[in-house]
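Structural overview
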Amino acid sequence: MNNPIIEVKNVFKGYRVTPSDVLVLKDVSLQINKGEFIVIFGPSGSGKSTLLNIVMGLEKPTKGKITFKGVEISTSTEDELAEFRKRNIGIVYQQSYWVKSLNVVENVALPLILRGIEKQTAEASALTLLNSLGMKEWATYHPHELSSGQQQKVSLARALITNPEIIIADEPTGNLDYRSGQLITSYLKKLAESGKTVIMVTHNLDNLDYAERVINIFDGRIADDFKLNTSNLDEVKKALITEKAHGSVQDDYGVKKELDVLITGQTKLYEDINRDKGLGRVLRNLKHIITSIFLGVLLVIYKFIDAFLGIRLMPSFIQSLRSPISNLFRGVVNSIDQNKESISYFDIFNLSLKTLFSKKNRTAVTIGGIAFGIGFTAFLISIGYGLEQLVISRSAQLEQLRQIEVYPPLGESITINDASIATIKSINQVEKVLPVINAAGKVNYQNSNIDVVVYGVQSDYLRLSDSVLVSGDYFKSNSNTKLDIPVSAPVSMPVGAESSSSLERKAVVNIAFLNLIGLDFNSAVGKQFKLGYIPVNNLEGSNSNVLFNYDYEISGVLSTDESPVIYTPIDEIKKAGINNYSQIRIVTSDQSQVFSIRQQLNVLGYRTTSVQDTIAQIEGFFSTARIIFAAVGLVALFVGSLGMFNTLTVSLLERTREVGLLKTMGMKSKEIREVFLSEAIIMGVYGGIVGIIIGIVGGYVISFIISTISILRGYEGLVITYLPFTTAVGIILVSAFTGIATGFYPSRRATKISALDALRYE
Ligand code: ADP
Ligand code: MG
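Residues numbered from 1 in each chain as written. Chains lettered and ligands numbered in written order. Predicted model: local features only at pLDDT ≥ 70, side-chain atom pairs only at ≥ 80, totals over all residues. Heavy atoms only, no water.

**What to know about empty space enclosed by the protein**
Scanning the entire structure with this criterion turns up six cavities of 30 Å³ or more. What the largest cavity holds in volume is close to 160 Å³. If you trace the largest cavity, you find 13 residues lining it, with Ile-89, Gly-90, Ile-91, Pro-111 and Met-665 closest to the centre. Here the lining of the largest cavity takes three residues from strand β6 (residues 89–92), the largest share from any one element. Considered as a void within the structure, the second largest cavity measures approximately 120 Å³ in volume. (1 Å grid on protein atoms, 1.4 Å probe; cavity = no way out; pocket = protein on both sides within 12 Å on 5 of 7 lines; lining within 4 Å. Points joined across faces, edges and corners; volume = space filled by probe spheres on them. Helix = DSSP H or I, 4+ residues; strand = E, 2+ residues; numbered from the N terminus.)

Have a look at this one:
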């Protein structure tokens with residue numbers, strides 16, 4: 001059986017340290033065959049761990065070659081090596097390392113999840129494996145709650161879960177009592193018998209009982225390479241403790257000299273290997289960030305729904321939605337996530353969430369800080385919107401936003417007549433054309449004569465105004481007012497002529513008018529008065545045009561009270577011989593059309609006004625105000641994000657070992673970064689959502705207080721805050737971005753952590 005799975009060829013490993021460089025491995029060459037159980041034996045400090053780390057690709061040799069199944073791995077990139085470990089190697093350390101936020105079964109399942117296997121499946125096989133090691137009852141315990149022997153069994157389960165070809169165990173029994181140690185070693189032996197290659201480091205002679213080959217390392221060199229069998233075991237054991245290193249120490253000097261050059265030019269493994277540069281990198285980062293935010297938001301929403309469906313007292317049919325929803329989200333996430341062989345975004349997110357939940361208070365405070373900043377921003381912005389709405393609703397009704405007032409140009413000969421109305425009517429999106437004739441009128445009521453402005457209008461015109469009818473009704477527009485039928489008014493009207501029915505001689509008046517003639521608005525409807533017109537364009541004309549003889553009946557009273565006004569049916573006024581309209585109100589089909597229709601009218605020579613002008617001014621003012629408000633709010637958000645930065649940095653320091661562990665298990669830098677980044681995004685998004693709620697509730701509270709004061713002082717209630725949905729979503733995205741911005745640096749630092757530094761020192 002001479003089938004090398006791993007070959008170590010002339011490997012040197014030196015470290016550049018003060019005061020003088022150390023040479024840990026000196027020309028080590030070794031062939032490891034498939035299915036062997038090799039024990040690497042040697043005193044502490046002889047370089048055993050260093051050799052293993054080099055074999056696993058956690059460290060690069062200073063000189064020399066490592067091949068796995070004939071392929072050189074010593075020149076591979078960090079990510080390639082991570083992939084190599086993930087696929088081929090299971091590792092057990094002397095000391096157990098855990099992802100602290102995960103329980104036993106989750107820790108064991110983690111290597112499978114890193115390979116993109118679904119959580120349920122991964123945990124099911126983890127449970128089976130734990131069961132075969134007699135650890136099933138401990139599955140939901142926290143690893144640190146177990147004894148070191150039990151922890152080591154769990155470590156073994158974790159190393160085996162991916163069914164790797166090679167098991168590497170660095171002093172797995174070092175921390176164990178004799179029996180636990182024997183147990184672990186016997187497991188390793190069984191694995192070797194089943195065809196796996198097992199490399200175990202030990203300085204305990206008892207462990208040799210199980211091995212078939214022992215390599216003795218002394219002072220960075222291979223001193224012996226024994227094949228073991230029952231007959232030579234004792235002999236070898238004896239040799240190992242008495243024998244000195246083979247080879248001479250004299251040639252160290254020559255090696256050192258050569259290495260001096262090598263070490264100086266040595267590239268550190270976890271630095272700048274295979275890092276892409278320039279614009280491509282920026283774009284990739286951007287794409288990554290946008291995908292991350294999208295997924296972050298999606299997954300937070302999912303978690304909300306999931307938590308909601310998980311409520312105990314929920315009817316079971318609603319709870320049964322849980323797994324379809326979960327599958328749906330997983331499907332969506334997986335469709336974005338193309339790399340099926342690696343940990344899915346879904347699981348990265350779950351890992352982050354677990355970590356955040358394991359430090360509940362800290363997470364809550366951090367999210368609270370962000371939420372306060374966001375809440376304050378949202379609150380201020382909602383006041384901006386609320387006041388704007390309030391002002392706009394006070395200055396215009398919605399209906400008026402799609403109306404245009406059209407006037408003939410000042411001092412020019414263009415007039416508005418039936419022909420021009422026909423032209424205007426033909427403009428696209430013009431729904432209604434409501435002409436107005438303006439006339440001075442003389443009213444005679446109970447022997448008093450009053451001058452008043454008379455508007456000839458259709459009742460639709462009144463309906464579309466903002467004045468409120470306080471009693472009675474509008475007059476009916478009779479069929480003659482239909483504009484498609486040109487109405488030709490008589491040139492002059494004989495005094496007292498009875499040409500139309502009295503039905504048309506109705507008037508809508510306002511309260512100011514009633515005050516003038518001394519009528520109360522409750523009793524005004526149905527009262528009659530006499531009215532004559534003086535056409536505005538013929539004011540200096542004789543009194544002959546004034547018709548006093550028509551009796552008008554009041555049909556309705558309007559609330560406006562600035563100046564006395566009478567509205568009469570337009571046809572009536574036309575009968576007085578007034579043919580040119582003084583103004584037209586146009587109703588467009590949609591308020592977005594107002595601008596273009598006004599432009600067309602202006603081209604035709606008309607003057608136009610619209611409530612939108614006022615609204616635009618109001619909006620202009622308030623959008624400036626909102627920007628200022630938002631800027632103030634963002635200062636609070638910035639303070640909140642400092643808290644988050646602090647949390648992430650502390651969390652990173654605490655988890656240096658965890659990061660190291662994840663790297664040895666084959667997690668790539670990108671994935672490590674995503675774990676940290678997604679923590680930041682989760683906190684950002686949750687902070688955003690909670691913040692929006694705070695902002696809205698705060699708005700209601702303020703509105704309530706102001707309304708109470710307002711009502712107590714005899715005015716109506718006011719709602720002064722309003723947050724449009726899109727703005728709320730936008731604010732949550734800003735919060736998510738804040739998360740990314742604050743998480744960027746810590747997450748990048750996480751990727752720089754060397755797996756070995758993390759595992760060795762802390
Ligand atoms: P073993 O596992 O056989 O006990 P190691 O391989 O861990 O020994 O270490 C061998 C020697 O290399 C030790 O003297 C140790 O101090 C040294 N060493 C290991 N890593 C480093 C490093 N990063 N920098 C400097 N010296 C190191
Ligand atoms: Mg060691």
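**Section: the sheet that holds β6**
Strand order in the open sheet formed by six strands is β6-β7-β8-β3-β9-β10, and the pairing between neighbours is mixed. Whereas interior strands pair on both sides, the edge strands pair on one side only; in this sheet they are β6 and β10 (221–227). Direction aside, neighbouring strands of the sheet carry axes that sit 15 degrees apart on average. Note that β6 and strand β7 (residues 166–170) share four bridges and pair parallel. (Pairing = 2+ DSSP bridges. Axes fitted to C-alpha atoms, helices over the stretch in contact; angles between N-to-C directions.)

**Focus on the nonpolar core**
Counting residues in hydrophobic clusters, the biggest one holds 98 residues, and the most contacted among them are Ile-6, Val-8, Leu-130 and Leu-188. Tallying contributions element by element places helix α3 (residues 104–114) first for this core, with eight residues. Apart from the residues within four sequence positions on either side, Leu-188 is in contact with Phe-37, Leu-156, Ile-167, Ala-169, Pro-172, Val-198 and Met-200. Among the nonpolar cores identified, the runner-up in size contains 42 residues, and Val-433, Phe-513, Leu-519 and Tyr-606 belong to it. (Core = buried A, V, L, I, M, F, W, Y, C linked by side-chain atoms within 4.5 Å. Buried < 20%, exposed > 50% of the residue type's maximum accessible area, 1.4 Å probe, protein only. Contact = heavy atoms within 4.5 Å.)

**Focus on the packing of helix α13 (residues 360–395) against helix α20 (residues 611–654)**
Across the interface, α13 lies against α20 with an axial gap of 8 Å and an inter-helix angle of 180 degrees. In terms of their interaxial angle, α13 and α20 are classed as roughly antiparallel. (Parallel < 35°, antiparallel > 145°, perpendicular 65-115°, else oblique.)

**Quick word on the sheet that holds strand β5 (residues 71–72)**
A sheet is described by the order of its strands in space; here four strands give the open sequence β2-β1-β4-β5, paired in antiparallel fashion. The open sheet has two edge strands with one neighbour each: β2 (22–33) and β5. On the sheet, helix α1 (residues 48–56) packs against β1 (4–15), β2 and β4 (63–68) and is oriented at approximately 120 degrees with respect to β1.

**Side note on the environment of Leu-462**
Checked against the element boundaries, Leu-462 lands in helix α15 (residues 459–463). In this structure Leu-462 comes out as buried when scored by relative accessible area, which is 1%. Through-space distance from the C-alpha of Leu-462 to that of Val-508 is 9.0 Å; in sequence the pair is 46 residues apart. If sequence neighbours within four positions are ignored, Leu-462 has contacts with Val-457, Tyr-474, Phe-475, Val-508, Leu-558 and Tyr-567.

**Comments concerning the pairing of strand β17 (residues 550–558)**
With respect to burial, β17 is a largely interior element, seven of its nine residues being buried. For strand β14 (residues 469–472) and β17, the ladder comprises three bridges, and the chain directions are antiparallel. Along β17, the bridge assignment pairs Leu-469 with Leu-558. Pairing analysis gives five bridges linking strand β15 (residues 506–510) to β17, with the strands arranged parallel.

**Focus on the packing of aromatic side chains**
Under the defined criterion, the tally for this structure stands at 13 aromatic pairs. Measuring from centroid to centroid gives 4.9 Å for Phe-68 and Phe-84, while their planes differ by 70 degrees, and the two rings are edge-to-face. One end of the pair, Phe-68, is in strand β4; the other, Phe-84, is in helix α2 (residues 78–88), and 16 residues separate them in sequence. Summarising the burial analysis for this pair, Phe-68 and Phe-84 share the class buried. Arranged with centres 4.8 Å apart and planes meeting at 45 degrees, the rings of Tyr-302 and Phe-329 form a pair that is tilted. Separated by 27 residues along the polypeptide, Tyr-302 in helix α9 (residues 278–309) and Phe-329 in helix α11 (residues 322–336) bring together distant segments of the chain. Like Phe-329, Tyr-302 is buried. (Phe/Tyr/Trp six-rings, centres within 6.5 Å; stacked < 30°, edge-to-face > 60°.)

**Regarding the pairing of β7**
By the criterion of burial, β7 is predominantly enclosed, with five of the five residues buried. Residues Ile-166, Ile-168 and Asp-170 point to one face of β7 and Ile-167 and Ala-169 to the other, with burial holding for every one of them. Regarding topology, helix α6 (residues 178–193) serves as the crossover connection from β7 to the parallel strand β8 (residues 197–202), and that connection is right-handed. (Right-handed = clockwise from strand over helix to strand, strands pointing away.)

**Some points on the side chain of Glu-106**
Mapped onto the elements of the fold, Glu-106 is located in helix α3. Given the relative accessible area of 12%, Glu-106 is considered buried. Excluding anything up to four places from it in sequence, Glu-106 contacts Ser-101, Glu-123 and Lys-354.

**Considerations on α1**
Taking burial as the measure, the nine residues of α1 include eight buried ones, the bulk of the element. Gly-57, located one to two residues past α1, shows a positive phi value of around 80 degrees.

**Considerations on the site of ligand 1**
Of all residues adjacent to ligand 1, which total 13 residues, the nearest are Val-24, Gly-45, Lys-48, Ser-49 and Thr-50. In this structure, Tyr-15 approaches ligand 1 through a side-chain N or O atom, which is 3.5 Å from a nitrogen atom. Taking Ser-49, its side chain carries an N or O atom lying 2.7 Å from an oxygen atom of ligand 1. Coverage of ligand 1 by the protein chains reaches 69% of its 560 Å² of free accessible surface. Breaking the shell around ligand 1 down by element, the ones donating at least two residues are β2 and α1. Taken together, the residues of the shell around ligand 1 sort by class into five nonpolar, six polar and two charged. (Near = heavy atom within 4 Å. Polar contact = N/O pair within 3.5 Å; in protein donor to acceptor, adjacent residues only side chain to side chain. Areas by Shrake-Rupley, 256 points an atom, 1.4 Å probe, with all protein chains shown as cover. Nonpolar A, V, L, I, M, F, W, Y, C, P; charged D, E, K, R; others polar.)

**Quick word on the pattern of salt bridges**
Oppositely charged side chains are able to pair whenever their charged atoms sit close together. Per the stated rule, a full pass over the model turns up 28 salt bridges. Of the charged contacts, one joins Lys-86 and Glu-83 as a salt bridge, the two residues approaching to 3.6 Å between their closest N and O atoms. Of this pair, Lys-86 and Glu-83 both sit in helix α2, separated by three residues, roughly a single helical turn. Notably, a salt bridge pairs Lys-119 with Glu-123, separated by 3.7 Å at the nearest N-O pair. Separated by four residues within a single helix, Lys-119 and Glu-123 lie in helix α4 (residues 119–132), roughly one turn from each other. Overall, the relative accessible area of 22% leaves Lys-119 in the partly exposed class. In this structure, a network of salt bridges that share partners links the residues Glu-36, Arg-213, Asp-225 and Lys-227. (Salt bridge = Lys/Arg side-chain N within 4 Å of Asp/Glu carboxyl O.)

**Looking at the packing of helix α22 (residues 669–712) against helix α23 (residues 725–752)**
Each packed pair of helices is defined by two parameters, the angle between the axes and the distance between the axes. Close contact between α22 and α23 brings their axes to 7 Å; oriented N to C, the two are set at 150 degrees. When the interaxial angle is binned, α22 and α23 end up roughly antiparallel. Judged by the twist between their axes, the crossing of α22 over α23 is right-handed. Grouping the amino acids of the contact of α22 with α23 by side-chain chemistry returns 15 nonpolar, nine polar and two charged. (Left-handed = near helix turned anticlockwise from the far one by under 90°.)

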